[in-house]
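# Coordinate inspection notes
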Amino acid sequence: MSFSRQSKIEILKESIEDDTSMLAFLSGLFHSCGEIGKNGSVYFVSIVSDIQELFSYVKNIVNKLYGENIEEKITNIPLNKNTFYEMRFDVEHFQQLLLDVGVIDFSDGISFNFEVNKNLLLEDDARRAFVKGVYIGSSTSSIKFSEGAHKTESTGYHLEFVSKNHEFLLEFSSILATYNIFGKIFERKSDFVFYLKEVNAIIDLLALVGANQSVLELNNELATRELRNKVNRQVNCINANINKTVEASLRQVEAINIINSTIGIESLPEDLQEVAVLRLANQEESLDELIKLSTIKLTRSGLNHRFRKLLKIAKELEE
């Protein structure tokens, strides 16, 4: 199950009790995934979603507010082999509901009203419920969790909301801004997209809509990725140091071999003879290990100084 789907189902496990918050939730849902259509002479507004649990949730809200039952129609849509579900509200029968949530306009015939009814969002609980509706209705994410300690995912942290209406997304982004959650809006073909790429903003949004388990899982994933990155940096650093040690050792051994094949190691001063023999006998060891193996008292800088002398002598002999 995708992270986005999982978080939506989690949200739907918590019921909304306040009437205004219920209407605000429906308003967010209709504005984010609602469509107006016509069947013969009958106009209707439909909600389309692949979250089946949403429809019993909406039925309960409508029943509590209006005492009405809703006819649910399940439609198979060949899109990525998913099943999408459609719930229709005919305008004549559910006119009061659709007016209360502010999604239809009768000023010039019947049309979909993209303007958010701000009177529904005066209270904090109602604003949160509205955001829940929008989140369930139109949010998608590319967040994928790692499946093992050594398996990484190429996806970053990205969550977006898609709408045909730019003004709606502007209003939605303004609502989120009151909770210090900020994103960006851009145009994609015939749609507008509001997106979050900062993981902390995504976590704050999940907390706002009550997806607390998803917040915990995302925080765990964040910690796992940070730990993995830290380990990778340490391993890379260790490998780089090993490579430097090996390269330095090869240069030193080559220089000592040049000296030995020309003037002989025994012609060197005693302190350099000690270092030359030590390196030839321990070609893979680091400077620190050579210091431990040496019979004379050496410091790291002292050992480096002697190797530089050997390299200089070998270079002069070559020239």
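Here is a short report on the structure shown in this document.

So, how was this worked out
- Residues numbered from 1 in each chain as written.
- Predicted model: local features only at pLDDT ≥ 70, side-chain atom pairs only at ≥ 80, totals over all residues.
- Heavy atoms only, no water.
- Helix = DSSP H or I, 4+ residues; strand = E, 2+ residues; numbered from the N terminus.
- Buried < 20%, exposed > 50% of the residue type's maximum accessible area, 1.4 Å probe, protein only.
- Patch = residues over 30% accessible without salt bridge, like charges linked within 9 Å, V, L, I, M, F, W, Y side chains within 5 Å.
- Areas by Shrake-Rupley, 256 points an atom, 1.4 Å probe, with all protein chains shown as cover.
- Salt bridge = Lys/Arg side-chain N within 4 Å of Asp/Glu carboxyl O.
- Lys, Arg positive; Asp, Glu negative; His and termini not counted.
- Charge placed at Lys NZ, Arg CZ, Asp CG, Glu CD.
- Axes fitted to C-alpha atoms, helices over the stretch in contact; angles between N-to-C directions.
- Parallel < 35°, antiparallel > 145°, perpendicular 65-115°, else oblique.
- Left-handed = near helix turned anticlockwise from the far one by under 90°.
- Contact = heavy atoms within 4.5 Å.
- Nonpolar A, V, L, I, M, F, W, Y, C, P; charged D, E, K, R; others polar.
- Expected span 1.5 Å × (residues − 1).
- Arc of directions from axis to C-beta.
- Core = buried A, V, L, I, M, F, W, Y, C linked by side-chain atoms within 4.5 Å.

### As for unusual backbone geometry
Positioned with a positive phi, Asn180 is a non-glycine residue whose angle comes to about 60 degrees. With respect to the element layout, Asn180 can be found in the loop between α6 (166-177) and β9 (184-188). Residue class for Asn180 comes out exposed when judged on its relative accessible area of 59%. A positive phi is found at Lys189, a non-glycine position, where the angle reads about 55 degrees. Here Lys189 is to be found in the loop between β9 and β10 (191-196).

### Quick word on a negative patch on the surface
On the surface, a cluster of negative charge is made up of Asp18, Asp19, Glu123 and Asp125. Take Asp19: it is sitting in helix α2 (residues 19-33). For Asp19, a relative accessible area of 47% translates into the label partly exposed.

### Focus: the packing of helix α7 (residues 199-208) against helix α8 (residues 212-262)
Direction vectors running N to C along α7 and α8 enclose 160 degrees, while the axes themselves pass 8 Å from each other. Between α7 and α8, the crossing angle belongs to the class labelled roughly antiparallel. As for how α7 packs across α8, the hand of that crossing is left-handed. Here Val199, Ile202, Ile203, Leu206 and Ala207 of α7 come into contact with α8, specifically with Asn212, Ser214, Val215, Leu218, Asn219 and Leu222. When its residues are assigned to classes, the contact of α7 with α8 shows eight nonpolar, three polar and no charged.

### Quick word on a nonpolar patch on the surface
A cluster of nonpolar side chains, Ile238, Ile242, Val246 and Leu250, forms an exposed patch at the surface whose accessible area comes to about 370 Å². Looking at where Ile238 falls in the secondary structure, it is placed in helix α8.

### Examining helix α9 (residues 270-281)
With twelve residues, α9 ought to run about 16 Å at 1.5 Å a step, and its terminal C-alpha atoms sit 17 Å apart, in line with that. When we look at burial in α9, the residues that qualify are Leu272, Val275, Ala276, Leu278 and Arg279. For α9, the angular spread of the buried residues around the axis is 165 degrees, confining them to a single face. Set apart from the buried face of α9 by more than 90 degrees, the exposed residues are Glu270 and Ala281. Close packing links the buried residues of α9 with α8, α10 (287-293) and α11 (300-318).

### Quick notes on the nonpolar core
Judged by nonpolar contacts, the single largest core of 69 residues is most densely connected at Phe25, Phe30, Leu54, Phe89, Leu98 and Leu205. Among the elements that line this core, the one with the most residues is α2, at eight residues. The contact partners of Phe30, leaving out residues within four places of it in the chain, are Val45, Ile47, Phe89, Leu97, Leu98, Val101, Val103 and Phe112. Core analysis: the second largest hydrophobic core is formed by 18 residues, Leu278, Leu303, Ile313 and Ala314 among them.

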